[in-house]
Each structure stands twice: as structure tokens, then as C-alpha cells.
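Remarks on the overall topology
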Amino acid sequence: MTDFSPASAQRPRHHHHWRRDLVELAALFCAVAVADALANLVVHGPRGPVLLVASAVALLFTAAFHTWWARRHSHAPPPADTAPTDTADTDTNAGAAPDSAAAPAALWRMRTTVRDEPGSLAALCTALAHNGVDILTLQTHPLPEGGTVDEFLLRAPQALPSADLGRAIARAGGHSTWIERADAHDLVDTPTRVLGLATRTALDAAELPLALRQLLGRCTIHSIPATTLSGRPNAGADAPVEGVLEATVMRLRDPSGGAITVERPYLPFTPTEFARARALVELDARLGPRVPRSQDVLTLPEGNEITVRRADAADLTAARAMHDRCSERTLSLRYHGPVADADRYLGHLLSPRFGRTLAATTASGKLVALGHLLWDGDETEVALLIEDDWQRRGIGSELLRRLIAMAVEARCDSVYAVTQASNTGMVAAMRGLGLPLDYQIEEGTLVITARLDAALVSSRPPYELPRVQHP
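Residues numbered from 1 in each chain as written. Predicted model: local features only at pLDDT ≥ 70, side-chain atom pairs only at ≥ 80, totals over all residues. Heavy atoms only, no water.

1. Things to note about a nonpolar patch on the surface
Selection rule: Exposure above 30% relative accessible area and no salt bridge define the residues that can form patches, which grow by joining like charges within 9 Å and nonpolar side chains of Val, Leu, Ile, Met, Phe, Trp and Tyr within 5 Å. For accessible areas, the Shrake-Rupley method is used with a probe of radius 1.4 Å. Any residue's cover is judged against the shown protein chains and nothing else. Here a salt bridge means any side-chain nitrogen of Lys or Arg lying within 4 Å of a carboxyl oxygen belonging to Asp or Glu. Each helix is a run of H or I in the DSSP string that is no shorter than four residues. Each strand is a run of E no shorter than two, and both are numbered from the N terminus. Residue burial is assigned from relative accessible area. The probe radius is 1.4 Å, only protein chains are included, and a residue is buried under 20% of its type maximum, exposed over 50%, and partly exposed in between.
Among the surface-exposed residues, L25, L28, F29 and V32 lie close enough to one another that they form a single nonpolar patch of about 420 Å² accessible area. Secondary-structure assignment places L25 in helix 2 (residues 18-44). Residue L25 is classed as partly exposed on the basis of its relative accessible area, which comes to 43%.

Here it is as C-alpha cells:
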């Protein structure tokens, strides 16, 4: 049997031009004979110098002609049967590239489950290629019961509907497929994103719920404290050290006490995701309580200076002292319940596990205002408490602006504030944000929801170096 190689079949054959070699050899002998005759004439003839110059000119002309002739034949064009094909392919590729580059594209995140056997991933990639879909990133999540969850970040033609993409994946052997729109944040590769989340968690204990949400995608996170406000054990707060994974729910032990529950409807967690989430929680447990110590010094219109910084459980005593200085009306507008129970909420509010808190202190160190950004499942609440003697000085607006910047940094879609219609200060502060607002009034309670736009609010990372701000 004879092996046939397409590459060898297309390789051009080089013929040996023996006739050209024969001509060159004859020309060489002729040149030697002419040189000998000219030498005799120069030596014995009456016009030797003239013949010498003439022979030099003849040799130069012959050399130039030979060079031209050799170059013309060595640079002959390729055979006619291959030249048009190569040119046509080049023209086709050159013409297709601008069209594909100019075509509008959309980013998609897709998950699908395939059989754990050779060729299953190749079938998915072939189906995506037939639809003009480019694979930007790929992660594989092996399942203990068999099979593999493949997670893709795709760039697809804008005109390709997600339903057609899902049907193509189903025909290629994928099932339990989940597709949603992606954005520019998803273009960051997974190791870089995980390292960034670990860094943020290491610098700020309040980052753990946010890091889990960004790590696991669209999910709902609940922090269940170990005890209720009345001091009784909280049901559902017990979780084993190694955690529990149950399809679309994972339960992890909270290092500060209680449990962290993560839920994601319609999309089960994989063992790989569970291991990543548990690693973040273990990192938080090893580092212990921590909060960024950066602070800004601001000057109020009347000239007094206040310091805005992060607050935590270490400020519990100062917060209770501020409660004692606040009037009953101020406390009732903030907590919407019995004033006597106000102190019981502080432990929960100052815990970094349930959100972030900003404190405003005077030059003497007295705490005069608190601003809270609280994680409430899929939603985010903002709340303010300003001591009576320090109200109407712009402190609440400044704290609220900074809380909104934190919410934008956490990629929250909206924030809401629960107050009363008579609380004109809070209403004015929300209006002063310049954001779209929605109002709902139920039995005297006013809920103001602000839709966030990252372009309207500036923010800085929580690990940025401390700075001092002056007007």
C-alpha cells in the first residue's frame, strides 16, 4: 500500500535545467578563447590598449546580460493551477475579517451539563462554532454522580437569540442548560477574580457576603445570627464546620457566630463552587474581626470638623451613649418601634456580617451620627441616625452619599430607605442624590427606593490608603 500525503502532493517539483548548464559551460569556453586571443593581440598587436578597453566593456556587458537573464528565470511566477487558488483564499479571508469584526456581538454566560466521556465537549464547541459563537472562557465542574458542568463565557452574534443557542446546545448533547446576559466584569479570568475577592475579604470582614455573591453569581445570601434580639438561640443558625451542600442551597458556618445560607434557584451548586465558598469563609475565620481604618476629615459650613470612618462592634458603647442623647422622636423615626428596644438593634447593625456602617465623630471623638448599608437578601437598605444637636448640618447627606457609593461598588441595582412621611430630613437627603426614586406608602410607613447608576456616584476601593479631605 502506498501512503499518500496531501502536503507532498501539493509540493512543487523542481526540474533540473541541464540545457542552461550546457550553455553556460559553452559560454565559459568561448570567453576563455576570446580572452586568450585578446591577450595575444594586446601583446603583439599595434593597438593593444584600445583592444584591452574594448574587451573590458564587452565583459561588463556580458556580465550584466547574464545577471538579468538569471534573475528573470529564477523569479518565474508559480504554476497557473495554484496561483489563483491561493489568491482567492487570501482575498476571501481578507474580505471576511472586516465583516466579522464589524458585526455587533453580545456576551452570554452559559452553563450546561454533558456526559463525562471523550468528545462531549468537542460536540458543544462544534455546535457553537456553527452558530458563529466565540468561546472566551471555559470552566469545567466535575459532578460526583457523573457528568460535567461546563461553564462558558461566549461572544455571540447580536442577532442570535438565546433560545436558538439553547436548542443548538441541546442537539449537541447538553442538558440543564442555563443562559443569561454577561457584562464586561465577566471578562476577568477566574483566578484573577478569585484572588481579588480574597484580597477584599482579607481587608474587610463586611466583604464576605459580597465576595460570595460575586463568586457564585446570581444568588441570595442570608446571615443568620446565633441568637435573636431577645437572646434566645436562633433556629437554623447551626451549621457543621465543613458546611452543607444541598443542590441549590449551601449552608456555611459563620466565623462570627451563626450560619451563612446561600440560595440560587434553578441552578444547583457544584462541588467546585462549594469548595471555593468554603475557602473564602475559612479565610475570614482565620483573619478574625477587622475593618478598614481609613478616615476622612470634613469641615461643616459653620467651621466644625467631623471625621467620617468605618464603624464596627468596638463602637457599641459610643453608639449607646449617642442613643441616650437622642430624643424619642429621633429614635422612633429611625427604628419604627418602641424606643426602649433601640439599643438591642445596635449589635446587629454594627456587625460587619450584615453590612457596612459609617460613623461621624467630632474633634473630641464623640460619636454624633451613624449611617448603615445593610444586606437584605437580594436587596440593600440604607439608614441614618443623626444626633439632634447635629441635624440639618449636611452630615446625613454626606453619609448617605458615601453609603450609595459603597452600594455602587458592591454592584447593587438599587437601595431603599424605610422611614415616615414626616421625616423630611431623610426624604430631602434621598432627593439630593439626584437618582431616580420610587415611593411607596403603607400605613404611614414610607419606602423610598433609589435606582443606582454607577456613572452618577464616585467610589473608591475599601483597601485604598487613608486620606484626609478638606473643602
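2. Concerning the sheet that holds strand 4 (residues 175-181)
The cut-off we apply is this: Think of it this way: DSSP has to see at least two bridges between two strands before they count as a pair. An axis is simply a line fitted to the C-alpha atoms; with a helix, the fit covers only the stretch in contact. Between two such axes, the angle follows the N-to-C directions and lies from 0 to 180 degrees. In what follows, residue pairs with any heavy atoms lying within 4.5 Å of each other are defined as contacts.
The sheet built from four strands is open, its strands ordered 2-3-1-4 with antiparallel pairing. Of all the strands in the sheet, the pair left with one neighbour each is strand 2 (134-142) and strand 4. Each strand axis lies, on average, 15° off the axis of its neighbour in the sheet, ignoring direction. Contacts between helix 9 (residues 271-287) and the sheet are confined to strand 1 (105-114) and strand 2, with strand 2 contributing the most and set at about 85° to the helix.

3. A few points about the sheet that holds strand 8 (residues 259-263)
Reading across from one edge, 5-8-7-6 is the order of the four strands in this open sheet, with antiparallel pairing throughout. Each edge of the sheet is formed by a strand with only one pairing partner; in this case those strands are strand 5 (220-224) and strand 6 (244-246). Geometrically, the sheet is characterised by an average inter-axis angle of 15° between neighbouring strands, direction not taken into account. As defined by bridge partners, strand 7 (residues 249-253) adjoins strand 8 across five bridges and the pair is classed as antiparallel.

4. Section: the side chain of E151
Stated precisely, the cut-off is as follows: Any pair of N or O atoms that falls within 3.5 Å is considered a polar contact. Within protein, one atom must be able to donate a hydrogen and the other to accept it, and sequence-neighbouring residues count only if both atoms are side-chain atoms.
Relative to the helices and strands, E151 is located in strand 3 (residues 148-157). Polar contacts involving the side chain of E151 include one to the side chain of R111, which spans 3.1 Å.

5. Quick notes on the pairing of strand 9 (residues 295-299)
In this sheet, strand 10 (residues 305-311) lies alongside strand 9 in antiparallel orientation, the contact comprising five bridges. Of the residues in strand 10, the one forming a bridge with L298 is I306. Hairpin connection from strand 9 to strand 10: five residues lie between these consecutive antiparallel strands, with G303 at a positive phi of about 105°.

6. Observations regarding the packing of aromatic side chains
How we decide: Here is the rule: rings of Phe, Tyr and Trp (six-membered ring for Trp) pair when centre to centre is within 6.5 Å. Planes less than 30 degrees apart are stacked, more than 60 are edge-to-face, and the remainder are tilted. The rule for a charge over a ring is simple: NZ of Lys or CZ of Arg within 6 Å of the ring centre, and within 35 degrees of the ring normal.
Evaluated as defined, the whole model comprises one aromatic pair. With centroids separated by 5.5 Å and ring planes inclined at 15°, the aromatic side chains of Y335 and Y345 adopt a geometry described as stacked. A residue pair is termed long-range when its members are at least 10 positions apart, and Y335 in helix 11 (residues 328-335) and Y345 in helix 12 (residues 342-350) qualify at ten residues. Between the NZ or CZ atom of R393 and the centre of the ring of W390, over which it lies, the distance is 4.5 Å.

7. Quick look at the pattern of salt bridges
The tally for this structure, following the rule as stated, stands at 21 salt bridges. Where R309 meets D315, a salt bridge forms, and the shortest distance between an N and an O atom there is 2.9 Å. For R309, a relative accessible area of 21% gives the class partly exposed. A salt bridge links R401 to E398, with the nearest nitrogen and oxygen atoms 2.9 Å apart. On the criterion of helical spacing, the pair formed by R401 and E398 is a turn pair, its members being three residues apart in helix 13 (residues 395-409).

8. Section: the pairing of strand 12 (residues 367-376)
Here strand 12 lies mainly inside the structure; nine of its ten residues are buried. If you look at the hairpin formed by strand 11 (residues 355-362) and strand 12, you'll find four residues sitting between the two strands, and G365 has a positive phi there, around 95°. Relative to strand 13 (residues 379-386), strand 12 runs antiparallel, the two sharing eight bridges. Looking at strand 13, one finds that D376 is bridged to E379. Where strand 12 folds back onto strand 13 in an antiparallel hairpin, the turn is made up of two residues, including G377, whose phi is positive at roughly 65°.

9. Topic: the nonpolar core
Rule in force here: Side-chain atoms within 4.5 Å are what join buried Ala, Val, Leu, Ile, Met, Phe, Trp, Tyr and Cys residues into a set we call a nonpolar core.
Core analysis: the biggest nonpolar cluster contains 38 residues, and V382, I395, I404 and M430 have the highest contact counts within it. Those elements that place two or more of their residues in this core are strand 10, strand 11, strand 12, strand 13, helix 13, strand 14 (414-420), helix 14 (424-431) and strand 16 (445-451). No other element matches the eight residues that helix 13 contributes to this core. Residues contacting M430, with those up to four places away along its chain left out, are V382, L400, A417, L437, I448 and A450. Ranked by size, the runner-up nonpolar core spans 17 residues in total, among them L208, L216, I260 and A277.

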